[in-house]
Each structure stands twice: as structure tokens, then as C-alpha cells.
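As a plain string of letters, each chain reads:
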Amino acid sequence: MKSRSILLISVILLGILVNFPTARAVAEKTAGVEFAERYHLGQYKLQLTGTAVLTWALLFDVYAGAFYLPDGVNGAEWLQDVPKRLEIVYFRSFTAKDLSEASDKLLREHLPRAKYSSLAERLLKFYELFRNIEPGDRYSLSYQPETGTELRLNGQLLGAVSGADFAVAYFGIWLGPHPISGNFRDRLLHGSS
């Protein structure tokens, strides 16, 4: 049960990042998935910092992910109030319910109780945005200081939630001190090599 929850959380969270790249230059091809070297997020120009594949129990690939930050901002600075984007391409099917439950479980386990409580209402709103995922679907999670964190599925905007604190907590599922996978996090933040 615990391993399924962790898998679902990993898949859900990485899948929450979906905007299709607007740039044509392909910087990375990871597990057959192409990710753009650059991405335009509103007025911001973001640069690919790294890509990775999440493999479950050394048996099967769950999803491939790519992380973007503005030029001149390195992976260690992702916690700052800067634009950021996480894109996840799924290799497996998941229900919206599985994704929201897995995400919430991880956040409850790793955030201080007061912090989780301050985010609870926005998290519920965000979970309502989730849709069922099929292999090949792309979720994107993009944060802009002016507008908050938006969720897209296959390029379609599903909604957004305000607050830099929300972005740090939610991106933290993959990038924080207790990520779904330390190796996955490190490759996203510091490159694939």
C-alpha cells in the first residue's frame, strides 16, 4: 500500500507539469520523450536545467520529467520567488483521484502541520483540477510570481492557485528535501549527466 501511494504521488506530481514547449530546439530526449531547451512562460524565458526518468522499484518507468528556470538562475535557487516550470510525461495510466491522494499524502507527511494547514484550502482547489492520465499525457506545473502556479494537461490550462508558498510546497514533492526520488530531483536541478 505504501509503495503504491509513493508511486502514485510521484506520478501525479510530476504529471502536474504540462505546457507544451514553445521552442523548437530539442535539448534532451529522455526515454524517448523530447523536451525543449528553452520555454517561454508569459514574459519570462526559461532554460532547461535537467531531465530525468522516474523508475519504480527498478522495474518500470513511470514518467519522464524536465525542469526549467530563468537564465542565470541555477537549480539550487529554485526555492526563490522566481518563475519555474516542471513538465512530466507519463508512461502509465493514473486516475485523478490516485494523483490527488498521493500528492496530499506526501505533503501531509513532509510539511509541518501549520504549513500544511495554511495551504489546505488551496490544495483542495488544486486537486479538483486533476484529470485522469493515460500513457503519453503531459502535465505541466508552471509558477509565475504575478499569477501563481498553473496546471496544464496536454497544453490545456486547467486552473491556477496563488502564492509563492504554494509553489514551493508543491514543487517540493519532486525538488524538496524529501522528494519522491533524490536521484530524480538531482538530475532535474543539476542536469542529466
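Computed from a predicted structure; not experimentally measured.

### Quick notes on the nonpolar core
The nonpolar side chains of a soluble globular protein tend to be buried with one another.
Point 1. Among the nonpolar cores identified, the biggest contains 46 residues, and Tyr170 and Trp174 are the most heavily contacted of them.
Point 2. Here this core takes eight residues from helix 4 (residues 164–175), the largest share from any one element.
Point 3. In terms of nonpolar packing, the next biggest core, distinct from the first, is built from twelve residues, Val33, Leu46, Ala64 and Val89 among them.

### Quick word on the environment of Glu150
Point 1. Here Glu150 is to be found in strand 8 (residues 148–153).
Point 2. Taking relative accessible area as the criterion, Glu150 reaches 13% and is therefore assigned buried.
Point 3. For the pair Glu150 and Val161, spaced eleven residues apart in the sequence, the C-alpha separation amounts to 6.4 Å.

### Description of the pairing of strand 6 (residues 84–90)
A regular strand places its side chains so that they alternate between the two faces of the sheet.
Point 1. Counted residue by residue, strand 6 has seven buried out of seven residues, so it is predominantly covered.
Point 2. Burial along strand 6 is two-sided: the face carrying Lys84, Leu86, Ile88 and Tyr90 and the face carrying Arg85, Glu87 and Val89 are both buried.
Point 3. Pairing of strand 5 (residues 60–70) with strand 6 involves six bridges; the strand directions are antiparallel. Of the residues in strand 6, the one forming a bridge with Tyr68 is Arg85.
Point 4. Pairing between strand 6 and strand 7 (residues 138–144): six bridges, direction antiparallel. Bridge assignment links Arg85 to a residue of strand 7, and that residue is Ser142.

### Focus: the packing of helix 3 (residues 113–127) against helix 4
Point 1. Between helix 3 and helix 4, the shortest axis-to-axis distance is 10 Å and the interhelical angle comes to 80°. With respect to their mutual orientation, helix 3 and helix 4 come out roughly perpendicular. Counted together, Lys115, Leu119, Arg122, Leu123, Phe126 and Tyr127 of helix 3 and Asp165, Phe166, Ala169 and Tyr170 of helix 4 form the full contact between these two elements.
Point 2. A class-by-class count of the residues in the contact of helix 3 with helix 4 yields seven nonpolar, no polar and three charged.

### Thoughts on the confidence of the model for the chain
Any region with low pLDDT has predicted coordinates that should not be read closely.
Point 1. For the chain, the mean per-residue pLDDT works out to 86, and 82% of the residues sit at or above 70.
Point 2. Within the model, the stretch residues 3–27 combines pLDDT values under 50 with 127 contacts to residues more than four positions away or in other chains.

### Observations concerning helix 4
Point 1. For helix 4, the buried fraction is high: nine of the twelve residues fall into the buried class.
Point 2. Of the positions making up helix 4, those classed as buried are Phe166, Ala167, Ala169, Tyr170, Phe171, Gly172, Ile173, Trp174 and Leu175.

The rules behind the values
- Residues numbered from 1 in each chain as written.
- Predicted model: local features only at pLDDT ≥ 70, side-chain atom pairs only at ≥ 80, totals over all residues.
- Heavy atoms only, no water.
- Core = buried A, V, L, I, M, F, W, Y, C linked by side-chain atoms within 4.5 Å.
- Buried < 20%, exposed > 50% of the residue type's maximum accessible area, 1.4 Å probe, protein only.
- Helix = DSSP H or I, 4+ residues; strand = E, 2+ residues; numbered from the N terminus.
- Pairing = 2+ DSSP bridges.
- Axes fitted to C-alpha atoms, helices over the stretch in contact; angles between N-to-C directions.
- Parallel < 35°, antiparallel > 145°, perpendicular 65-115°, else oblique.
- Contact = heavy atoms within 4.5 Å.
- Nonpolar A, V, L, I, M, F, W, Y, C, P; charged D, E, K, R; others polar.
- pLDDT = per-residue confidence, 0-100.

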